[in-house]
Amino acid sequence: MAHESFESPEIARLVNDGWVAIKVDREERPDVDAVYMDAVTATTGQGGWPMTCFLTPDGHPFFAGTYFPPAQLGQLLVRGAEVWRTQREAVEKQGAELVTALAGTSAYDPAQNVEIDLSAAVSLLLRQLDPENGGFGRAPKFPPSMCLEWLLRHHARTGSPEALKAVELTCERMARGGVYDQLAGGFARYSVDPYWVVPHFEKMLYDNALLARVYLHLWRQTGSGLGRRIAEETCAFLVRDLQTADGGFASALDADTEGEEGKTYVWTPDEVGPYAAEVFHVTTGGTFEHGTSVLQLPRDPADPSRFAEERERLLLKRLQRPQPACDDKVVAAWNGLAISALAECGVLLDRPDWVAAAVRAAELLERVHVVGGRLRRTSRDGVVGANAGVLDDHALVADGYLTLHQVTGERRWLDAAGRLVGDVLAHFADPATGSFFDTADDAEVLMRRPQDPSDNATPSGAAAAAGALVTYGAVTGSTEHREAAAAALQALSPLASRQPRFAGHALAVAEALAAGPLEVAVVGRPDLLAVARRATSPGAVVVGGGDSPLFADRPAGAAYVCRGFVCEAPTTDPETLAHQVDARVTA
């Protein structure tokens, strides 16, 4: 519609004759997108994008849909304007009735709450696994980041071989397919086929931040060389290609170059040469349009040195092509994900420069995005936008700060996280259900207050809030925060039990609660701290220096492993500590 209709002078004339056009960036205003998507779903039976709504001046929708071809859209504009002029009272009544009906519905029903059986939920999810290609469901196939993290945690807690096998299969297929950039690192948004071969070439910050941690945790759990390599390359992509001049992380790289999707990324055999054609599966028939191929890496090459040289040659050649544009707005929630990924990957993979990049992004959020003590969602070039932060902004930024506190030991990040989770409890809580609203109680009033329990491309706000509350409670010993997290998970239990594919983050948090989570304080022993940080126990909190509540009255020279602040005997032995925290990778 952007090209067919919104660049059309005739459509523009029809809009300007009878309407006020409002185009919503759903990345900047997910709350607006959510409430009108509810209207689309209620009136048509299904949602989707592009989303088109016809509204009264009060913002009440009276007609809604998704994609309309130009001719149909033109007819709707003419007919809608005529109906508004001649039947205004009926239109206003219809819009008001829809708003009233939507306001009477809730995503949460405490009467439907159940106890989450994590093993049963895993079994239900694995029935949807593609046993040949990994991933869940049919094409288009999206990287199932939250579900992979949940399955890794479930395996760590229970030893389930099926859970681990699903992660290994999916991670292997994604990393070797065209959905992964075989030259520069980083994942595309999704695969248009079930085999991970042809991507939609857009690269999103949130996908890569989430997947960097998944591959890191796969390495930490199994010693997977592939897991470590992909985590390293993905973090390198984040810092090299998405870091902004002011220290934040840009939202995305476009799919198109000069109006043509994939133009930067695809190759012919003549362009790459015989060796690279074989290694990267570039064929004369091609896997993309016009006989071109998306690079894949079906297997590791026999000669790593030659492969590295060839890869560098092709990357330099690709950099001489026109490059996709960058959407350089800084979204708070997505930067929270990047902060968590870079801080954790940096400390585990001995890359202090990545930790420094995480700190720089966090400092930008504190310096620019906090206005009048409240978090805002977006900025660009160091100038903050007007849009208030929504639930996932507060929760995911808090999680990033909590990760930084564990990695650096600096109390300022724990305090900053505490302010955000305090705002979550004060301004987003839904006392009727135990969960949260997606917008604050003092945010702009929309036709309804959105509450979406489902993961989408990123964790749902409610699940992210539960995760931040669990971690904050573990670091500080706060039962209030732990109980709020448990209540939020209980509200999410119907979705998690019946459709676990859309509740992966909530289930990952539930695994952390089932495992404790572990609270590990290491005082004055860097060797023990290195072991503790390789803990695979779900949601483990590890602090090794600085001013943290976990250090209260702890004598130096030992490691302390606790659950709910009930502690085992301190240890000075690395092997004992490795057993206590289930650390499987030791170097």
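Criteria and thresholds
- Numbers given to residues run from 1 along each chain, matching the order in which its sequence is written.
- Predicted model: local features are reported for residues with pLDDT of at least 70 only, side-chain atom pairs are reported and counted for 80 or more only, and whole-chain, interface and lining totals are derived from all residues.
- Processing note: side-chain calculations cover all non-hydrogen atoms of the structure and skip hydrogens and water entirely.
- Helix numbers and strand numbers start at the N terminus; a helix is a DSSP run of H or I with at least 4 residues, a strand a run of E with at least 2.
- How far a helix is expected to stretch is found by multiplying one less than its residue total by 1.5 Å.
- For the exposure calls, accessible area comes from a 1.4 Å probe over protein chains only, and a residue counts as buried if that area is under 20% of its type's maximum, exposed if over 50%, partly exposed in between.
- Should any heavy atoms of two residues lie within 4.5 Å, those residues are considered in contact.
- Strands are treated as partners if at least two bridges between them are detected by DSSP.
- Angular values range over 0 to 180 degrees, each being the angle between N-to-C directions of two axes fitted as lines to C-alpha atoms, with helices fitted over their stretch in contact.
- We call two directions roughly parallel when the angle between them is under 35 degrees, roughly antiparallel when it is over 145, roughly perpendicular when it lies between 65 and 115, and oblique otherwise.
- Left-handed is the label given to a crossing in which the near helix is rotated counterclockwise from the far helix by less than a right angle, and right-handed is the label when the rotation is clockwise.
- Under the scheme applied here, ten amino acids are nonpolar (Ala, Val, Leu, Ile, Met, Phe, Trp, Tyr, Cys and Pro), four are charged (Asp, Glu, Lys and Arg), and all others, including Gly, are polar.
- Buried Ala, Val, Leu, Ile, Met, Phe, Trp, Tyr and Cys residues that are joined via side-chain atoms within 4.5 Å together make up what is termed a nonpolar core.
- A pair of cysteine sulfur atoms is labelled a disulfide when the two atoms are within 2.5 Å.
- Each patch is built from residues lacking any salt bridge and having more than 30% relative accessible area; the joining distance is 9 Å for like charges and 5 Å for nonpolar side chains (Val, Leu, Ile, Met, Phe, Trp, Tyr).
- Residue burial considers only the protein chains on display, and all accessible areas are found by Shrake-Rupley using a 1.4 Å probe.
- One speaks of a salt bridge when a side-chain nitrogen belonging to Lys or Arg is within 4 Å of a carboxyl oxygen belonging to Asp or Glu.
- Cavity and pocket criteria rest on a 1 Å grid covering protein atoms alone: a 1.4 Å probe that fits but cannot get out defines a cavity, protein on both sides within 12 Å along at least 5 of 7 lines defines an open pocket, and an atom within 4 Å of a point defines a lining residue.
- Grid points are joined across faces, edges and corners, and a volume is the space filled by probe spheres set on the points.

(A) Examining helix H2 (residues 30–44) more closely. Taking 1.5 Å of rise per residue, 15 residues should cover 21 Å, and H2 covers 20 Å from first to last C-alpha, within 8% of that figure. Among all positions in H2, only Asp-31, Val-32, Asp-33, Ala-34, Val-35, Tyr-36, Met-37, Ala-39 and Val-40 are buried. Contact partners of the buried residues in H2: strand S1 (52–55), strand S2 (61–65) and helix H4 (88–103). One or two steps after H2, the chain reaches Gly-45, where phi turns positive at roughly 90 degrees.

(B) How the structure looks around the side chain of Ser-493. Counting through the fold element by element, Ser-493 comes out in helix H19 (residues 493–498). Beyond its immediate sequence surroundings of up to four residues, Ser-493 is in contact with Asn-113, Val-114 and Ile-116.

(C) Up close: the sheet that holds strand S5 (residues 203–204). Pairing in this open sheet of three strands is antiparallel, and the strands run S5-S6-S9 from one edge to the other. Bordering the open sheet on either side are S5 and strand S9 (326–327), each of which pairs with just one other strand. The sheet contact formed by S5 and strand S6 (residues 252–253) spans two bridges and is antiparallel. Considered in S6, the bridge of Lys-203 is made with Leu-253.

(D) Molecular detail of the packing of helix H13 (residues 332–348) against helix H15 (residues 391–408). Where H13 contacts H15, the two axes come as close as 7 Å, and the packing angle between them is 20 degrees. With respect to H15, the element H13 is oriented roughly parallel. H13 and H15 meet at a crossing whose hand is left-handed. On H15, the residues touching Ala-332, Ala-333, Gly-336, Leu-337, Ile-339, Ser-340, Ala-343, Glu-344 and Val-347 of H13 are Asp-392, Asp-393, Leu-396, Val-397, Asp-399, Gly-400, Thr-403, Leu-404 and Val-407. Of the residues in the contact of H13 with H15, the class split is 10 nonpolar, four polar and four charged.

(E) Broad picture of the nonpolar core. Counting 136 residues, the largest nonpolar core has Tyr-215, Phe-249 and Tyr-401 as its most contacted members. Excluding residues within four positions of it along the chain, Tyr-215 makes contact with Cys-171, Met-174, Ala-175, Phe-187, Leu-226, Gly-227, Arg-228, Ile-230 and Ala-231.

(F) Summary view of the state of the cysteines. With the rule as written, the count across this model stands at one disulfide. Linked covalently through their sulfurs, Cys-562 and Cys-567 form a disulfide whose S-S length is 2.0 Å. Between Cys-562 and Cys-567, the S-S dihedral sits near 95 degrees, and the bridge is therefore right-handed. On the basis of relative accessibility, which here comes to 3%, the residue Cys-562 falls in the buried class. On the accessibility criterion, Cys-567 (34% relative accessible area) is partly exposed. The thiol of Cys-171 is not disulfide-bonded; the next cysteine sulfur, from Cys-147, is found 12 Å away.

(G) Just a nonpolar patch on the surface, in detail. A cluster of nonpolar side chains, contributed by Val-20, Ile-22 and Val-24, occupies part of the molecular surface with about 340 Å² of accessible area. Topologically, Val-24 is positioned in the loop between helix H1 (9–18) and H2. You can call Val-24 partly exposed: its relative accessible area is 41%.

(H) Main features of the sheet that holds strand S13 (residues 378–380). The strand order across the open sheet formed by three strands is S10-S13-S14, and the pairing between neighbours is antiparallel. The sheet terminates laterally at strand S10 (330–331) and strand S14 (383–384), the two strands that pair on one side only. Two strands pair when backbone bridges link them, and S10 and S13 are joined in this way by two bridges, in the antiparallel orientation. Of the residues in S13, the one forming a bridge with Val-330 is Ser-379.

(I) Structural context of the pattern of salt bridges. In total, this model carries 41 salt bridges according to the counting rule given. We note a salt bridge from Arg-351 to Asp-353, for which the minimum N-O separation is 2.6 Å. A relative accessible area of 33% means that Arg-351 is categorised as partly exposed. Of the residues examined, Asp-353 reaches a relative accessible area of 38% and is grouped as partly exposed. Through salt bridges with shared partners, one network takes in Asp-25, Glu-27, Asp-327 and Lys-329.

(J) Main features of empty space enclosed by the protein. For the structure on display, the rule yields two cavities of 30 Å³ or more. By volume, the largest cavity is sized at about 780 Å³. As for the largest cavity, its lining consists of 41 residues, and the residues nearest its centre are Arg-153, Arg-213, His-217, Glu-344 and Gly-539. Among the secondary structure elements, those contributing two or more residues to the lining of the largest cavity are helix H6 (145–158), helix H8 (205–222), H13, H15, helix H17 (461–476), helix H20 (504–515) and strand S16 (541–543).

Coordinates in, geometry out; function isn't part of it.
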